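Reading the structure
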Amino acid sequence: MFRYFTAGESHGKSLVGIIEGFPSNVPIDVEIINHDLKRRQSGYGRGGRMKIESDRIEILSGIRDSKTLGSPIAFTIPNKDYENWEKYMDPLKVLDCGKRVTKPRPGHADLTGALKYGFDDIRNTLERSSARETAVRVAIGSMVKQLVSNFNIKAMSHVLSVGDIIPEKVNDINSIKNADNSPVRCVNEKKEMEIIKAIDKAKEDGDSLGGVFEIYITGLPPGLGSYVHWDKKLDGKLAQALMSIQGIKAVEIGEGIEASTLPGSKFHDEIFYSPEKGYYRETNMAGGIEGGMSNGENIIVRCHMKPIPTLYRPLRSVDIETKEGFVADIERSDTCAVPAASIVGEMVAITVVGQELLRKYGGDSLGEILERWKK
Ligand code: EPS
């Protein structure tokens with residue numbers, strides 16, 4: 001089992017990641033990681049910052065000759081914008097406090113973070129609460145994806161809706177593979193146009209939009225996670241990890257929302273058996289998880305993201321220094337980050353699956369895990 005840490009401020013020198021416990025002999029293609037980092041940065045609706053950054057990973061340890069060593073993998077993703085921010089963000093001496101922030105933005109971590117950690121400059125909170133941190137989680141997920149590809153386990157994501165557009169389910173899950181070809185990562189052409197229009201309109205109005213994205217994980221064996229104790233449940237782990245992505249307010253597994261309204265006879269997936277397929281279900285209302293365990297069907301998770309709280313049409317708040325009310329300053333911001341968040345979701349979900357795969361089939365090297373997998 002591996003664990004991981006992320007560090008770094010949004011306008012600091014660099015983002016940092018460490019993965020400890022990753023098995024040895026896993027081939028890692030750094031260009032695949034860079035490609036996934038780029039996928040996160042693309043997407044219609046991002047703001048000016050994404051024009052500055054072109055994220056690339058720099059591996060510092062744990063990989064030699066493009067194969068993991070079993071030792072901690074350490075890496076950085078430098079922030080290009082740092083050169084514009086050094087005087088405000090220098091770890092040893094801030095030369096210019098001109099960017100001191102005393103006006104908390106509603107919907108952000110700003111006010112509560114400053115109260116919690118005792119700051120009179122909200123920058124100390126907002127730099128770390130920023131979704132920029134997700135670049136590190138994408139890099140980690142990309143390495144996990146390369147690990148689980150040896151077991152033919154795959155993760156995909158796509159955007160179902162933005163704003164009040166009514167989502168339509170996809171019938172053919174193979175079509176999700178084309179999500180990268182859409183600027184909003186939506187594979188339904190009609191919805192894609194609606195989403196682009198909605199983002200344009202929100203931008204024009206100085207507003208922001210949330211939305212829903214869906215993650216599929218395929219190729220899973222039954223039995224990842226467990227029913228025996230609350231903190232071993234796979235659905236619980238996925239929900240925790242996905243909910244921790246900045247802006248995510250709800251996580252639905254399978255038809256979790258409909259489950260509360262349907263009678264049992266219409267919800268539960270019946271079980272069949274054939275010598276070729278083994279046990280299988282013809283429906284997947286459970287989203288591939290029963291009793292906190294993968295049941296061998298595809299895992300399906302939907303995440304609901306709130307609209308970005310930094311608006312060009314500002315909301316009312318209170319200055320932490322003067323305690324006076326004000327209308328928030330206009331700041332550079334994204335209009336909609338749902339397409340980017342779908343990549344983060346895909347990577348975070350596969351990271352959980354990778355951890356659970358190693359928990360069940362674990363070993364020190366890829367070869368050892370593959371041997372246990374085959375048995
Ligand atoms: C973010 C605000 C914007 C986003 C940023 C997240 O950054 P800035 O304040 O520099 O304009 O672009 O997202 C990223 C930098 C990223 O890499 O995703 C925020 O406040 O959370």
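Scroll up to find the structure.
What counts and how
- Residues numbered from 1 in each chain as written.
- Predicted model: local features only at pLDDT ≥ 70, side-chain atom pairs only at ≥ 80, totals over all residues.
- Heavy atoms only, no water.
- Helix = DSSP H or I, 4+ residues; strand = E, 2+ residues; numbered from the N terminus.
- Rg over C-alpha atoms; globule rule 2.2 N^0.38 Å.
- Buried < 20%, exposed > 50% of the residue type's maximum accessible area, 1.4 Å probe, protein only.
- Contact = heavy atoms within 4.5 Å.
- Lys, Arg positive; Asp, Glu negative; His and termini not counted.
- Charge placed at Lys NZ, Arg CZ, Asp CG, Glu CD.
- Core = buried A, V, L, I, M, F, W, Y, C linked by side-chain atoms within 4.5 Å.
- 1 Å grid on protein atoms, 1.4 Å probe; cavity = no way out; pocket = protein on both sides within 12 Å on 5 of 7 lines; lining within 4 Å.
- Points joined across faces, edges and corners; volume = space filled by probe spheres on them.
- Nonpolar A, V, L, I, M, F, W, Y, C, P; charged D, E, K, R; others polar.
- Polar contact = N/O pair within 3.5 Å; in protein donor to acceptor, adjacent residues only side chain to side chain.
- Patch = residues over 30% accessible without salt bridge, like charges linked within 9 Å, V, L, I, M, F, W, Y side chains within 5 Å.
- Areas by Shrake-Rupley, 256 points an atom, 1.4 Å probe, with all protein chains shown as cover.
- Salt bridge = Lys/Arg side-chain N within 4 Å of Asp/Glu carboxyl O.
- Pairing = 2+ DSSP bridges.
- Axes fitted to C-alpha atoms, helices over the stretch in contact; angles between N-to-C directions.

1. Focus: the overall build of the chain
A count of helices and strands for the chain gives 11 helices and 16 strands. A compact globule built from 375 residues would reach a C-alpha radius of gyration of about 21 Å, and the chain, at 22 Å, matches this within 12%. Evaluated residue by residue, the chain yields a buried proportion of 50% over its 375 residues. When contacts within the chain are restricted to residue pairs at least 6 apart in sequence, long-range pairs at least 24 apart make up 70% of them. In the chain, 51 side chains carry a positive charge and 53 a negative one; their mean positions are 2 Å apart.

2. What to know about the nonpolar core
Grouped together as the largest cluster of nonpolar side chains are 71 residues, with contacts concentrated most on Phe22, Met143, Ile153, Ile217, Leu238 and Leu242. It is helix α10 (residues 338-361) that contributes the most residues to this core, 13 residues altogether. Apart from residues lying up to four places away in sequence, leucine 238 is in contact with Ile289, Ile299, Val301, Ala349 and Val352. Counting five residues, the second-largest nonpolar core is a separate cluster that includes Met156, Val170, Ile176 and Tyr216.

3. Focus: empty space enclosed by the protein
What the rule picks out here adds up to two cavities of 30 Å³ or more. Here the second largest cavity defines a volume of roughly 40 Å³. Together, His158, Val159, Leu160, Glu168, Val170, Cys186, Val187, Asn188 and Lys191 line the second largest cavity. Considering each element in turn, the lining of the second largest cavity owes the most residues, three residues, to strand β7 (residues 154-162). Residues of the lining of the second largest cavity, tallied by class, amount to five nonpolar, two polar and two charged.

4. Describing the environment of serine 208
Counting through the fold element by element, serine 208 comes out in the loop between α7 (189-204) and β8 (211-218). In this structure, serine 208 is in contact with Ala202, Pro307, Ile308, Leu311 and Thr335, ignoring residues within four places of it in sequence. Here isoleucine 308 takes part through its backbone oxygen, which lies 2.6 Å from a polar atom of the side chain of serine 208.

5. Some words on a nonpolar patch on the surface
A contiguous nonpolar surface patch, about 250 Å² in accessible area, is contributed by Phe5, Val16 and Ile18. Tracing the backbone through its elements, the reader meets isoleucine 18 in strand β2 (residues 14-20).

6. With respect to the layout of surface pockets
Taken as a whole, the largest pocket spans an internal volume of roughly 1300 Å³. Lining of the largest pocket is provided by 50 residues; of these, His108, Ser129, Ser130, Ala131 and Arg132 occupy positions nearest its centre. Of all elements in the fold, only β1 (3-7), α2 (49-52), α4 (110-117), α5 (123-129), α6 (134-148), β9 (248-253) and α10 reach the threshold of two or more residues within the lining of the largest pocket. By residue number, the principal contributor to the lining of the largest pocket is α5, which donates four residues. In terms of residue class, the lining of the largest pocket is built from 19 nonpolar, 15 polar and 16 charged. Computed from the structure, the second largest pocket encloses a volume of approximately 450 Å³. Along the walls of the second largest pocket sit 21 residues, with Arg39, Lys145, Ala155, Met156 and Glu346 positioned nearest its centre. Elements with a minimum of two residues in the lining of the second largest pocket: α1 (30-41), α6 and β7. For the lining of the second largest pocket, the class distribution of residues is seven nonpolar, six polar and eight charged.

7. Describing the sheet that holds β1
Strands sit in the order β1-β2-β6-β3 across an open sheet of four strands; the sheet is antiparallel. The sheet is open, and its two borders are formed by β1 and β3 (58-61), each paired with just one other strand. Adjacent strand axes in the sheet meet at a mean angle of 20° when their direction is disregarded. Two strands pair when backbone bridges link them, and β3 and strand β6 (residues 73-78) are joined in this way by three bridges, in the antiparallel orientation. Within β6, the position partnered with serine 61 by the bridge is alanine 74. Against the sheet, α6 contacts β1, β2, β3 and β6, and its axis sits at roughly 135° relative to β6.

8. Observations concerning the side chain of histidine 158
For histidine 158, the location among the structural elements is in strand β7. With relative accessibility at 1%, the residue histidine 158 sits in the buried group. At 2.7 Å, the side chain of histidine 158 and the side chain of glutamate 214 are in polar contact. Ignoring any residue separated from it by four or fewer positions in sequence, one finds histidine 158 in contact with Val170, Ile176, Ala179, Arg185, Val187, Phe213, Glu214 and Tyr216.

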